[in-house]
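# Residue-level structural notes
Each chain, written out:
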Amino acid sequence: MSRPGNKIIQAKLVLLGDMGTGKTSLVLRFVKGQFFDNQEPTIGAAFFTQILSLTEATVKFDIWDTAGQERYHSLAPMYYRGSAAAIVVYDISSMDTFTRAKKWVQELQRQGNPKVVMALVANKCDLDQKREVENEEGEQFAQENGMFFIETSAKTAQNINELFYEIAKRLARVY
Ligand code: GDP
Ligand code: MG
């Protein structure tokens, strides 16, 4: 519920990151509270909305999930053009996806909105026994690139709400 005088921010949010890192799962966990072990690769663009109310603002997220184009390691600039926030996702059990995440961040910095609020998300933190990327590596890269960093699990729901609340808070500061 929005309070009188509370500002309303409509924010386009995009997800970037390699196929299989859990982008669709993160969104479905946040928007619907669901998780599927055999999440189908998204076919066709997927669009979701969700509203978060903070004391300082009400944030209406327009969330754009990829349609599998990330398989080709590129996304049309129109996908992230005009986005107020971006989530770059990697999988802690795959160093390759972390390497690719760095490339996605560079692409966003080259072509995206300069004011974009960026989050680096280390997903699948429930797979700690298969970990290839240390928490500190993610943290350091995020810090160097003005992003905030969080480890999540779409499977267990760990830090999913925290992720979106933090983005909303930062949006309220910028917009
Ligand atoms: P996307 O290609 O980036 O959209 O990734 P998906 O959301 O389709 O997820 C790819 C696979 O990883 C699916 O089998 C999911 O069930 C699984 N997955 C997603 N998030 C997690 C997680 O946090 N933990 C674990 N263990 N598996 C996950
Ligand atoms: Mg997907």
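Overview of the structure. (Residues numbered from 1 in each chain as written. Chains lettered and ligands numbered in written order. Predicted model: local features only at pLDDT ≥ 70, side-chain atom pairs only at ≥ 80, totals over all residues. Heavy atoms only, no water.)

Here we take up the sheet that holds strand S1 (residues 7-17). Strand order in this open sheet of six strands is S2-S3-S1-S4-S5-S6, and the pairing throughout is mixed. Each edge of the open sheet carries a strand with a single partner, namely strand S2 (46-53) and strand S6 (148-151). Neighbouring strand axes in the sheet, compared pairwise and without regard to direction, differ in orientation by 25° on average. As paired strands, S1 and strand S3 (residues 57-65) are joined by eight bridges and run parallel to one another. (Pairing = 2+ DSSP bridges. Helix = DSSP H or I, 4+ residues; strand = E, 2+ residues; numbered from the N terminus. Axes fitted to C-alpha atoms, helices over the stretch in contact; angles between N-to-C directions.)

The subject of this paragraph is the site of ligand 1. Ligand 1 sits among 20 residues. The nearest are Gly20, Lys23, Ser25, Phe36 and Asp126. Between ligand 1 and the protein, one listed contact pairs a nitrogen atom with a side-chain N or O atom of asparagine 123 at 3.2 Å. Separating a nitrogen atom of ligand 1 from a side-chain N or O atom of aspartate 126 is a distance of 2.7 Å. Contact with the protein chains hides 88% of the accessible area of ligand 1, taken as 580 Å² for the molecule alone. Ranked by residues supplied to the shell around ligand 1, first place goes to helix H1 (residues 23-32) with three residues. Looking at side-chain class alone, the shell around ligand 1 contains five nonpolar, eight polar and seven charged residues. (Near = heavy atom within 4 Å. Polar contact = N/O pair within 3.5 Å; in protein donor to acceptor, adjacent residues only side chain to side chain. Areas by Shrake-Rupley, 256 points an atom, 1.4 Å probe, with all protein chains shown as cover. Nonpolar A, V, L, I, M, F, W, Y, C, P; charged D, E, K, R; others polar.)

Taken as a whole, this structure holds eight salt bridges when the rule is applied. Linking glutamate 70 and lysine 23 is a salt bridge whose minimum nitrogen-to-oxygen distance equals 2.9 Å. On the criterion of sequence distance, the pair formed by glutamate 70 in the loop between S3 and helix H2 (77-80) and lysine 23 in helix H1 is long-range, its members being 47 residues apart. Overall, the relative accessible area of 5% leaves glutamate 70 in the buried class. Judged by its relative accessible area of 3%, lysine 23 is buried. For lysine 155, the salt bridge goes to aspartate 37, with nearest N and O atoms at 3.4 Å. Residue lysine 155 is found in the loop between S6 and helix H5 (160-174), and its partner aspartate 37 is found in the loop between H1 and S2; the two are separated by 118 residues along the sequence. Looking at lysine 155, the relative accessible area reads 42%, which means it is partly exposed. By relative accessible area, aspartate 37 is classed as exposed at 60%. Taken together, the shared-partner salt bridges connect Asp128, Arg131 and Glu151 into one network. (Salt bridge = Lys/Arg side-chain N within 4 Å of Asp/Glu carboxyl O. Buried < 20%, exposed > 50% of the residue type's maximum accessible area, 1.4 Å probe, protein only.)

Counting 56 residues, the largest nonpolar core has Phe61, Ile87, Leu120 and Ile167 as its most contacted members. Leaving out residues up to four positions away in the same chain, isoleucine 87 has contacts with Leu13, Val14, Leu15, Leu16, Ala119, Val121, Leu163, Phe164 and Ile167. (Core = buried A, V, L, I, M, F, W, Y, C linked by side-chain atoms within 4.5 Å. Contact = heavy atoms within 4.5 Å.)

Here we take up the environment of serine 53. Assignment of secondary structure puts serine 53 in strand S2. Along the backbone, serine 53 and tyrosine 165 are 112 residues apart, and their C-alpha atoms lie at a distance of 8.9 Å.

Attention now moves to the pairing of S2. Relative to S3, S2 is paired through eight bridges, and the arrangement is antiparallel. Of the residues in S3, the one forming a bridge with phenylalanine 47 is tryptophan 64.

This part takes up the packing of helix H3 (residues 95-111) against helix H4 (residues 135-144). In contact at an axis separation of 12 Å, H3 and H4 are set at 5° when each is read in the N-to-C sense. For the element pair H3 / H4, the angle class is roughly parallel. Residues Met95, Phe98, Lys102 and Val105 of H3 pack against Glu137, Gly138 and Phe141 of H4. The residue makeup of the contact of H3 with H4, split by class, is four nonpolar, one polar and two charged. (Parallel < 35°, antiparallel > 145°, perpendicular 65-115°, else oblique.)

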